[in-house]
Amino acid sequence: MPETTRFRSSLDAVLPDDVTDPLLWRAAYDVAVAHQPDARGRCPSLLCAGSTAPCEPMVTARRAMRLARGGARRAGFRESTGRTARDRRRAA
């Protein structure tokens, strides 16, 4: 049985110092690399069917990379319901 070697770009990428979720950051990095626009500004991925950049997967990957670096805390994320984590656990 032939061996197949899979290469993931994130394996060579250096994690930023502030990454709090390395698995999420590396997965998002791989998606972002796969959806880099070509010279015409279109996504080369078959999933995007040549849509203009940035495609939806690229936007989502960038967001995930920010969140993996603690982006939600830096952005001042607040819960919209005003309930605390303890209140949510009690309700469950």
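Residues numbered from 1 in each chain as written. Predicted model: local features only at pLDDT ≥ 70, side-chain atom pairs only at ≥ 80, totals over all residues. Heavy atoms only, no water.

Caption draft 1: Examining the packing of aromatic side chains more closely. Within this structure, the stated rule accounts for one aromatic pair. Between tryptophan 25 and tyrosine 29 the ring centres are 5.2 Å apart and the planes differ by 25°, which places this aromatic pair in the stacked class. Separated by four residues within a single helix, tryptophan 25 and tyrosine 29 lie in helix H1 (residues 22–34), roughly one turn from each other. Exposure remark for tryptophan 25: the relative accessible area of 5% places this residue in the buried category. Since its relative accessible area comes to 24%, tyrosine 29 is described here as partly exposed. (Phe/Tyr/Trp six-rings, centres within 6.5 Å; stacked < 30°, edge-to-face > 60°. Helix = DSSP H or I, 4+ residues; strand = E, 2+ residues; numbered from the N terminus. Buried < 20%, exposed > 50% of the residue type's maximum accessible area, 1.4 Å probe, protein only.)

Caption draft 2: View of unusual backbone geometry. Put simply, alanine 53 and proline 54 share a cis peptide bond, and its omega is -5°. Unlike most non-glycine residues, alanine 49 shows phi in positive territory, near 50°. If you trace the backbone, alanine 49 turns up in the loop between H1 and helix H2 (56–68).

Caption draft 3: How the structure looks around the environment of valine 14. With respect to the helices and strands, the residue valine 14 is situated in the segment before H1. For the pair valine 14 and arginine 26, spaced 12 residues apart in sequence, the C-alpha separation works out to 9.6 Å.

Caption draft 4: View of the nonpolar core. Counting 13 residues, the largest nonpolar core has Trp25, Ala28, Ala32, Cys55 and Met65 as the members making the most contacts within it. Counting residues per element, the ones that place at least two in this core are H1 and H2. The element best represented in this core is H2, accounting for five residues. If we skip the residues at most four places from it in the chain, alanine 28 touches Ala61, Ala64 and Met65. (Core = buried A, V, L, I, M, F, W, Y, C linked by side-chain atoms within 4.5 Å. Contact = heavy atoms within 4.5 Å.)

Caption draft 5: Representation of the confidence of the model for the protein in the model. Looking at the protein, the pLDDT average stands at 79 and 68% of residues meet or exceed 70. Within the protein, the lowest mean pLDDT, 54, falls on helix H4 (residues 85–91), and the highest, 95, falls on H2. Counting interchain partners and residues more than four positions distant, the pLDDT-below-50 stretch residues 75–81 has two contacts. (pLDDT = per-residue confidence, 0-100.)

Caption draft 6: Up close: the pattern of salt bridges. What the rule picks out here adds up to two salt bridges. Between aspartate 18 and arginine 69 there is a salt bridge whose closest N-O contact spans 2.8 Å. Here aspartate 18 is found in the segment before H1, whereas its partner arginine 69 is found in the loop between H2 and helix H3 (71–74), with 51 residues between them in sequence. Owing to a relative accessible area of 32%, arginine 69 belongs among the partly exposed residues under this scheme. The shortest N-O distance in the salt bridge between arginine 40 and aspartate 38 comes to 3.8 Å. Judged by relative accessible area, aspartate 38 falls into the partly exposed class, the value being 31%. (Salt bridge = Lys/Arg side-chain N within 4 Å of Asp/Glu carboxyl O.)

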